[in-house]
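One letter stands for each residue in the lines below.
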Amino acid sequence: MAKLIITIDGPAASGKSTVARLLAEKLGASFLDTGAMYRAVTLAAIRANVDMTDEDDLLEVMATTEFQFSAGQGKMAVCIDGIDVTEQIRQPQVTASARHVAASAKLREKLVEMQRQFAAGEEKIVTEGRDQGTVAFPNADMKFYLTADPSERARRRQAELRAKGDIESLEQIQGAIEQRDKSDEGRAAGPLRPANDAIVVDTTDLSVEEVVARLLRCVEEKCQTKD
Ligand code: C5P
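My aim in this report is to walk through the structure given alongside it, one point at a time. Keep in mind it's a predicted model, so treat the numbers as computed, not measured.

Focus on the overall build of the chain
Moving on, step 1. The secondary structure content of the chain amounts to nine helices and eight strands.
Moving on, step 2. The C-alpha atoms of the chain give 17 Å as radius of gyration, which agrees with the globular expectation for 227 residues (17 Å, within 12%).
Moving on, step 3. Along the longest, intermediate and shortest principal axes, the C-alpha atoms of the chain span 50 × 40 × 35 Å.
Moving on, step 4. For the chain, long-range pairs separated by at least 24 residues make up 73% of all intrachain contacts whose partners lie at least 6 apart in sequence.
Moving on, step 5. Of the accessible surface of the chain, which amounts to about 11400 Å², a share of 47% is contributed by carbon and sulfur atoms.
Moving on, step 6. Looking at the chain, you have 30 positive and 38 negative side-chain charges, and the mean spots of the two groups are 2 Å apart.

Focus on the environment of E210
Moving on, step 1. Assignment of secondary structure puts E210 in helix 9 (residues 208–226).
Moving on, step 2. For the pair formed by E210 and V19, sequence separation is 191 residues and the distance between their alpha carbons is 9.8 Å.
Moving on, step 3. Reaching out from E210, the side chain makes a polar contact with the backbone nitrogen of S207 at a distance of 2.8 Å.

Section: the sheet that holds strand 8 (residues 199–202)
Moving on, step 1. Strand order in this open sheet of five strands is 2-6-1-7-8, and the pairing throughout is parallel. If you trace the sheet from one side to the other, it starts and ends with strand 2 (30–33) and strand 8, each paired once. Here the average twist between neighbouring strands, direction ignored, is 20°.
Moving on, step 2. Relative to strand 7 (residues 142–147), strand 1 (residues 4–9) is paired through four bridges, and the arrangement is parallel. By the bridge assignment, D9 is partnered in strand 7 with Y145.
Moving on, step 3. Packing of helix 2 (residues 34–47) onto the sheet brings it into contact with strand 2 and strand 6 (124–129), and relative to strand 2 it is tilted by some 40°.

Quick look at unusual backbone geometry
Moving on, step 1. Its identity as a non-glycine residue notwithstanding, A13 has a phi of 60°, on the positive side.
Moving on, step 2. Its place among the elements puts A13 in the loop between strand 1 and helix 1 (16–27).
Moving on, step 3. Positive phi is not limited to glycine here, since N49 has a value of about 60°.
Moving on, step 4. Its place among the elements puts N49 in the loop between helix 2 and helix 3 (55–64).
Moving on, step 5. Residue classification places N49 among the exposed residues on the basis of a relative accessible area of 70%.

Describing the environment of A40
Moving on, step 1. Checked against the element boundaries, A40 lands in helix 2.
Moving on, step 2. In sequence terms A40 and V78 are 38 residues apart; their C-alpha atoms lie 7.2 Å from each other.
Moving on, step 3. Among all residues touching A40, those that are not within four sequence positions of it are F67, F69, V78, I80 and I89.

Details of the packing of helix 4 (residues 92–103) against helix 5 (residues 105–120)
Moving on, step 1. The contact between helix 4 and helix 5 brings their axes to 5 Å, and the two run at 85°. As far as their axial angle goes, helix 5 and helix 4 are roughly perpendicular. Where helix 4 approaches helix 5, its residues V101, A102 and A103 are matched on the opposing element by A105, L107, R108 and L111.
Moving on, step 2. Looking at the contact of helix 4 with helix 5, its residues break down into six nonpolar, no polar and one charged.

Structural notes on the site of the ligand
Moving on, step 1. What surrounds the ligand is a group of 15 residues, the closest being R39, R108, D131, R180 and D184.
Moving on, step 2. R108 is positioned such that a nitrogen or oxygen atom in its side chain is 2.8 Å from an oxygen atom of the ligand.
Moving on, step 3. Isolated, the ligand exposes 450 Å² of accessible area, and the fraction of that covered by the protein chains is 95%.
Moving on, step 4. Elements that contribute at least two residues to the shell around the ligand include exactly helix 2, helix 4 and helix 8 (170–186).
Moving on, step 5. The greatest single-element share of the shell around the ligand, amounting to four residues, is contributed by helix 2.
Moving on, step 6. For the shell around the ligand, the per-class residue count stands at three nonpolar, four polar and eight charged.

Rules and cut-offs
- Residues numbered from 1 in each chain as written.
- Predicted model: local features only at pLDDT ≥ 70, side-chain atom pairs only at ≥ 80, totals over all residues.
- Heavy atoms only, no water.
- Helix = DSSP H or I, 4+ residues; strand = E, 2+ residues; numbered from the N terminus.
- Rg over C-alpha atoms; globule rule 2.2 N^0.38 Å.
- Contact = heavy atoms within 4.5 Å.
- Areas by Shrake-Rupley, 256 points an atom, 1.4 Å probe, with all protein chains shown as cover.
- Lys, Arg positive; Asp, Glu negative; His and termini not counted.
- Charge placed at Lys NZ, Arg CZ, Asp CG, Glu CD.
- Polar contact = N/O pair within 3.5 Å; in protein donor to acceptor, adjacent residues only side chain to side chain.
- Pairing = 2+ DSSP bridges.
- Axes fitted to C-alpha atoms, helices over the stretch in contact; angles between N-to-C directions.
- Buried < 20%, exposed > 50% of the residue type's maximum accessible area, 1.4 Å probe, protein only.
- Parallel < 35°, antiparallel > 145°, perpendicular 65-115°, else oblique.
- Nonpolar A, V, L, I, M, F, W, Y, C, P; charged D, E, K, R; others polar.
- Near = heavy atom within 4 Å.

Below, the structure is given as structure tokens:
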């Protein structure tokens, strides 16, 4: 297992990915975007044209597909059966359907296993998702939970979409975010919630740089007390 494991959990568009990536850079650590794993399985299932609500069908897709996750430039590179799908897993249809994969306890177990295997090969890792501090790495060195008001998260997501040329109304985006929060918080397996020992950071009024600096300070303080 990695010598330093930092988990960052939180709801959709709370800034986890950006912050985790920048924090990893500052610490010389690897970065694991576990949402990309849920998205990859979802995309493979969509392409296989299976019933997304049938757990056995989803398990079959997972068993018969080769997934590759590697730390790319600025984001995780994802391949399905040798084909790069890093961009395709961000499509709105994948975002909307990922909840079916996320709701399956058996699929989650397999994905958590893959996450632990990934961590086992790294010296230091910053991993982000919904259940990293609670389920995947309960003994992590440091756990964070990032949150922000839904309206601010919608605003951030809209800016991200605009940069890609996608125009969606704030109401639409906030509605979709709140729906995802509900399904992430409400599922029985690996629900979204802060670990008991997580540091909760409300990022509503903070810039990315401020959040990264705050987290970095916490990590440095923890490392000093450990030495
Ligand atoms: O973080 P991202 O939006 O890419 O995650 C896609 C979906 O995967 C989320 O909506 C969530 O339901 C699911 N997910 C999860 N557990 C994780 C990471 C993501 O259930 N550790």
